[in-house]
Amino acid sequence: MAISLKVNGATHSVEAEPDTPLLYVLRNDLELNGAKYGCAMTQCGACTVLVNGAATRSCVTPVGAIEGNEVTTLEGLGTLDKPHPLQKAFIDEQAAQCGYCASGMIMTAADLLNRNPQPQEADVRAALADNLCRCGTHNRIVRAVLRAAKGAS
Amino acid sequence: MNLRRRDLLKSAGVVVAFSWSAPAVFAQQAARPALPGSLGANRMLDGWIRINPAGTITVFTGKCELGQGIVTALAQIAAEELDVAYERVEMVSADTARTPNEGMTAGSLSVENSGTALRLACAEARQILLERAAAKLGVGAASLTVADGTVTGSGKKVTYWELAHDANLNREATAKAQPKPPAQHTIVGRSIPRRDIPAKMTGGAAFVQDLRLPGMLHGRVVRPPRHGARLESFDESKVKAMPGVVAVVRDGSFLGVVAQREEQAINARLVAVATAQWSGGSELPDPAKVYEQLMSLRSEDRVIAEKEAPVPAGAKVIEATYHRPYLAHASIAPSCAMAELKDGKLSVWTHSQGVFPLRATLARALGLPPGDIRCIHAEGAGCYGHNGADDVAFDAAVLARAVDGRPVRLQWMRDDEFKWEPYGPAMTMKVKGAVAGGRVVDWAFDVWSQSHNYRPGDADGVNLLGSWYLADAKRPGPARHAAQPNGAGDRNAITLYDFPRQRTTHHLIMDNPVRTSALRSLGAYANVFAIESFMDELAAAAGIDPVAFRLAHIKDERERAVVEAVAKAAAWQSGEKGDGRRGRGIGYARYKTVATYAAVIAEVEVNRTAGTVKVPRIWTSADAGQIINPDGLTNQIEGGVIQSASWTLHEQVRFDRNGILSQDWSNYPILTMPDVPSVETVLIDRPNERALGAGEAVQGPTAAAIANAFAAATGRRIRELPLTPERVKAALA
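Just so it is clear, the model here is predicted, and its values are computed rather than measured.

Draft legend 1. Quick peek at the overall build of chain B. Within chain B, the regular secondary structure consists of 17 helices and 28 strands. Here the C-alpha coordinates of chain B stretch approximately 80 × 75 × 50 Å along the principal axes. Per-residue burial over chain B gives 56% buried out of 733 residues. Summarising the internal contacts of chain B: among those between residues at least 6 apart in sequence, 79% fall at separations of at least 24.

Shown next as structure tokens:
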């Protein structure tokens with residue numbers, strides 16, 4: 001069935017079953033790379049997007065349940081030419097090894113900065129506690145979030 | 001177990017194992033001069049470099065980006081030697097149709113092998129370009145200067161781009177052009193930002209997972225409950241009737257589905273899983289007795305080092321046994337591949353660490369000529385060794401055969417990855433040593449391990465999971481020893497310390513009761529954990545500070561320098577004591593005996609009631625010879641420290657006799673953001689020394705530093721990893 005979705009400010013109509021996880025619609029129908037498949041169990045955070053500004057695990061969110069809501073993916077935050085302060089800070093801090101977790105980290109951090117624009121380091125670590133990184137880039141990621149917060153103040 | 005084989009070469013009182021099977025490639029090329037690094041097997045200059053009239057350079061490497069920053073580092077080396085701006089260099093990596101064959105991107109060898117080849121090839125290309133420029137300008141080559149590809153002499157100018165057609169690089173390298181002296185480097189040695197990071201931060205297509213081909217379908221595979229089980233039946237019509245299903249592929253006990261949409265493939269897989277009936281399959285070892293069981297298996301034993309000297313009377317003798325469990329690579333992304341079989345030609349997009357070995361093995365598994373297969377590297381998430389990357393490429397190829405020219409994208413599900421990837425082997429290390437007069441006077445080290453190398457590319461087997469289940473079932477290759485100094489299960493088993501008497505024995509377990517292969521640092525993690533834990537035990541027996549005790553047994557200046565540097569950075573106090581809860585420990589090794597020198601000091605906090613161990617701070621020092629990219633090196637070192645802390649504190653593959661129990665992150669927990677230590681890294685740059693592989697250097701030292709810190713804090717030692725609350729409570733009881 002056709003489902004109407006508002007993603008990154010544009011409205012799309014996609015043919016999918018309403019119980020289809022949002023993740024697959026974003027990746028395959030809308031061809032957005034940001035949200036990543038990691039576990040499909042809300043354990044790793046690689047698929048995190050914003051729904052009405054709140055960090056949401058797209059791997060278990062049925063697409064039918066978010067009709068009429070505003071979805072933002074990594075692509076909706078900013079672009080190579082006009083990066084969001086978080087994206088710029090992640091690049092400046094070289095906050096990646098493989099970078100597969102980065103989109104989920106950035107989206108979760110965007111939610112944090114919306115709620116708490118001047119977080120302490122411990123706040124950042126707590127907010128990202130359920131986003132897994134396997135390469136050991138955690139400390140750079142924390143520095144990048146703090147840098148983005150500082151730059152935006 | 002008795003020593004059955006001793007392939008040993010005696011020299012100067014030290015016994016070392018030697019390799020009896022040089023790769024065939026060397027035999028064929030025996031008549032040609034040896035060339036350094038990967039040039040030896042890939043001798044044509046234009047196989048490495050192309051000068052483009054449009055003002056760019058294309059550099060080809062057989063090594064691939066795994067998140068370690070290698071493509072950036074290699075581009076720096078090429079730009080440096082060619083005297084062009086870094087931005088002009090385009091990189092093409094690991095494609096069987098386009099790049100040199102550099103085997104695996106593994107063993108921290110890429111800067112050493114590919115970097116060396118590129119340095120020499122680019123220096124030679126520059127020399128050829130200068131000769132052409134000299135002819136064109138009518139000026140002696142010696143008087144020419146180059147700046148960003150523009151050659152100047154006697155007031156005249158010509159560019160590389162104008163010379164591109166003239167300068168013939170279609171010739172064998174001689175490796176005779178002298179690379180630049182390090183003092184002249186302006187690109188090598190700088191923290192140039194990684195070229196792959198901007199796309200990854202903005203949603204660019206950066207990973208194999210992000211590939212989308214026209215007409216692409218989605219595949220999933222169905223695995224048995226146990227290794228080696230037989231598929232008796234499944235409800236094929238029910239699976240076929242699921243929405244979107246295009247093909248159901250059964251070949252022997254290999255089962256997979258292909259559907260129009262990804263979620264349809266996932267749903268069809270669930271029905272196949274639910275209706276499949278399996279029989280047989282092998283039991284796993286008893287987890288409560290796994291180490292004893294492993295040690296009772298068939299093994300091939302070798303003494304890999306031996307030094308004789310008398311043990312003084314009255315020496316204090318101690319011994320200890322250490323263990324590490326099976327560890328998962330646990331990549332954050334389940335493995336993924338795309339395959340397309342069109343007009344008899346198979347194309348595979350893969351995050352394999354070795355596109356050429358994968359191609360050779362796919363050819364044997366699928367009965368295709370290697371020339372009809374193209375393997376193209378596309379990045380996956382960090383793999384840290386041999387994970388499911390190659391297996392999923394095979395699975396995708398089998399599914400692609402069933403759908404008539406349409407590309408199939410297959411990403412394993414999370415449980416596929418955890419249950420079926422080859423693990424880093426469980427290992428046991430037994431050490432016996434003696435001290436007298438503050439010196440180690442005897443040392444015997446025995447390590448038992450399954451093979452760490454069941455990778456594709458084996459000459460006597462097909463190391464691809466799915467191929468073992470085909471009707472025409474393939475068999476994996478045998479366990480093999482790897483020559484020292486690299487070693488495998490015995491990597492870093494030979495102590496680096498200057499002991500007058502020592503004996504090191506590697507017991508290679510020939511059976512494979514649990515599927516294993518290469519995990520970052522191979523045996524070095526466990527061997528260094530054991531050696532460095534035992535050094536602390538010997539230091540305690542001798543009543544000497546652990547740092548001073550190590551330094552007393554190290555002659556080499558660079559080895560001493562990293563130990564001294566980390567002790568200084570951490571403000572180590574000789575004889576410092578823990579307080580029952582908090583303490584610090586050190587670990588040191590030179591990776592593979594010939595690569596990066598690294599030392600680590602860890603601080604731990606022990607919660608004696610809960611049995612938890614937290615590592616708030618780590619200091620580390622590293623000497624990787626000439627540093628190509630300091631920030632890239634720091635990133636690798638820090639990442640290695642944190643990953644090793646995660647292994648050491650939390651990780652073990654859980655299983656029972658019937659199967660693997662670690663199926664997702666809840667039963668394979670790793671270190672998370674709130675518990676990650678701060679890491680302070682001291683890099684020792686040695687611009688005039690060879691660049692050394694660094695990606696695996698700190699795994700072992702970190703484990704030892706944490707275990708030693710726990711012992712320093714509590715006075716009790718844990719010799720079996722990881723440091724779980726049960727073990728901590730038992731140790732403190």
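Draft legend 2. Summary view of helix H15 (residues 630–650) of chain B. With 21 residues, H15 of chain B extends 30 Å between its outermost C-alpha atoms, agreeing within 8% with the 30 Å of an ideal straight helix rising 1.5 Å per residue. The element H15 of chain B is extensively covered by neighbouring structure, given that 18 of its 21 residues are classed as buried.

Draft legend 3. Molecular detail of the sheet that holds strand E6 (residues 145–147) of chain B. Residue and element names in this part refer to chain B. Spatially, the three strands line up as an open sheet ordered E6-E7-E8, and their pairing is antiparallel. Both outer strands of the open sheet, E6 and strand E8 (156–159), are each paired with one neighbouring strand and no more. Neighbour-to-neighbour, the strand axes of the sheet open up by a mean angle of 25 degrees, direction not taken into account. Note: strand E7 (residues 150–153) against E8, four bridges, orientation antiparallel. Looking at the pairing, Val-151 lines up with Val-158 of E8.

Draft legend 4. Focus on the packing of helix H12 (residues 524–542) of chain B against helix H16 (residues 699–714) of chain B. Residues and elements named next belong to chain B. As a packed pair, H12 and H16 sit with axes 7 Å apart at the nearest point and diverge in direction by 35 degrees. Of the two possible hands of crossing, H12 and H16 adopt the one that is right-handed. Where H12 abuts H16, its residues Ala-524, Tyr-525, Asn-527, Val-528, Phe-529, Glu-532, Ser-533 and Asp-536 lie against Gln-699, Gly-700, Pro-701, Ala-703, Ala-704, Ala-707, Asn-708 and Ala-711. Classifying every residue of the contact of H12 with H16 by side-chain character gives nine nonpolar, five polar and two charged.

Draft legend 5. Broad picture of the interface of chain A and chain B. On the chain B side, the residues contacting the 48 residues of chain A number 47 residues. Among the secondary structure elements, those contributing two or more residues to the side of chain A that touches chain B are helix H1 (22–29), helix H2 (74–77), helix H3 (85–92), helix H4 (102–115), helix H5 (121–127) and helix H6 (138–152) of chain A. For the side of chain A that touches chain B, the leading source of residues is H3 of chain A, giving three residues. Residue composition of the side of chain A that touches chain B, grouped by class: 25 nonpolar, 18 polar and five charged.

Draft legend 6. How the structure looks around the environment of Thr-73 of chain A. With respect to the helices and strands, Thr-73 of chain A occurs in the loop between strand E5 (70–72) and H2. Judged by C-beta crowding, with 24 C-beta atoms within 10 Å, Thr-73 of chain A ranks as buried. Residues Thr-73 of chain A and Gly-34 of chain A lie 39 residues apart in sequence; the distance between their C-alpha atoms is 6.2 Å. Among all residues touching Thr-73 of chain A, those that are not within four sequence positions of it are Val-7, Asn-8, Leu-26, Leu-32, Gly-34, Ala-35 and Val-49 of chain A together with Gly-203 of chain B.

Draft legend 7. Structural detail: the packing of H3 of chain A against H4 of chain A. Residue and element names in this part refer to chain A. At a minimum axis separation of 10 Å, H3 and H4 run at an interaxial angle of 135 degrees. What the angle tells us is that H3 and H4 run oblique. The two elements H3 and H4 meet at a crossing, and its hand is right-handed. The residues of H4 that touch H3, namely those facing Leu-86, Gln-87 and Phe-90, are Ala-102, Ile-106, Ala-109 and Ala-110. In terms of residue class, the contact of H3 with H4 is made up of six nonpolar, one polar and no charged.

Draft legend 8. Representation of the sheet that holds strand E5 (residues 89–93) of chain B within the structure. Residues and elements named next belong to chain B. Strands sit in the order E3-E4-E5 across an open sheet of three strands; the sheet is mixed. The open sheet has two edge strands, strand E3 (49–52) and E5, and neither has a second partner. Neighbour-to-neighbour, the strand axes of the sheet open up by a mean angle of 20 degrees, direction not taken into account. Running over the sheet, helix H2 (residues 70–82) touches strand E4 (56–61) and E5 and is turned about 135 degrees from E5.

Draft legend 9. Quick peek at the environment of Val-221 of chain B. All names here are of chain B. Relative to the helices and strands, Val-221 is located in strand E9 (residues 217–222). Judged by local crowding, Val-221 falls into the buried class, with 27 C-beta atoms found within 10 Å. Measuring from C-alpha to C-alpha, the distance between Val-221 and Leu-270 comes to 9.9 Å, with 49 residues separating the pair along the chain. What Val-221 contacts, discounting residues up to four positions off in sequence, is Leu-255, Gly-256, Asp-395 and Asp-416.

Draft legend 10. Quick peek at the pairing of E7 of chain B. Residue and element names in this part refer to chain B. Burial along E7 is one-sided: the residues Val-151 and Gly-153 are buried and none of Thr-150 and Thr-152 is. Here E6 runs beside E7; their pairing, made up of three bridges, is antiparallel. Paired with Thr-145 across the two strands is Thr-152, which belongs to E7. Where E6 folds back onto E7 in an antiparallel hairpin, the turn is made up of two residues, including Asp-148, whose phi is positive at roughly 45 degrees. Following E7, the chain reverses through two residues before pairing antiparallel with E8; Ser-154 in that reversal takes a positive phi of roughly 50 degrees.

Criteria and thresholds
- Residues numbered from 1 in each chain as written.
- Chains lettered and ligands numbered in written order.
- Predicted model: local features only at pLDDT ≥ 70, side-chain atom pairs only at ≥ 80, totals over all residues.
- Helix = DSSP H or I, 4+ residues; strand = E, 2+ residues; numbered from the N terminus.
- Buried ≥ 20, exposed ≤ 12 C-beta atoms within 10 Å, placed from the backbone.
- Contact = placed C-beta atoms within 7 Å.
- Expected span 1.5 Å × (residues − 1).
- Pairing = 2+ DSSP bridges.
- Axes fitted to C-alpha atoms, helices over the stretch in contact; angles between N-to-C directions.
- Left-handed = near helix turned anticlockwise from the far one by under 90°.
- Nonpolar A, V, L, I, M, F, W, Y, C, P; charged D, E, K, R; others polar.
- Parallel < 35°, antiparallel > 145°, perpendicular 65-115°, else oblique.

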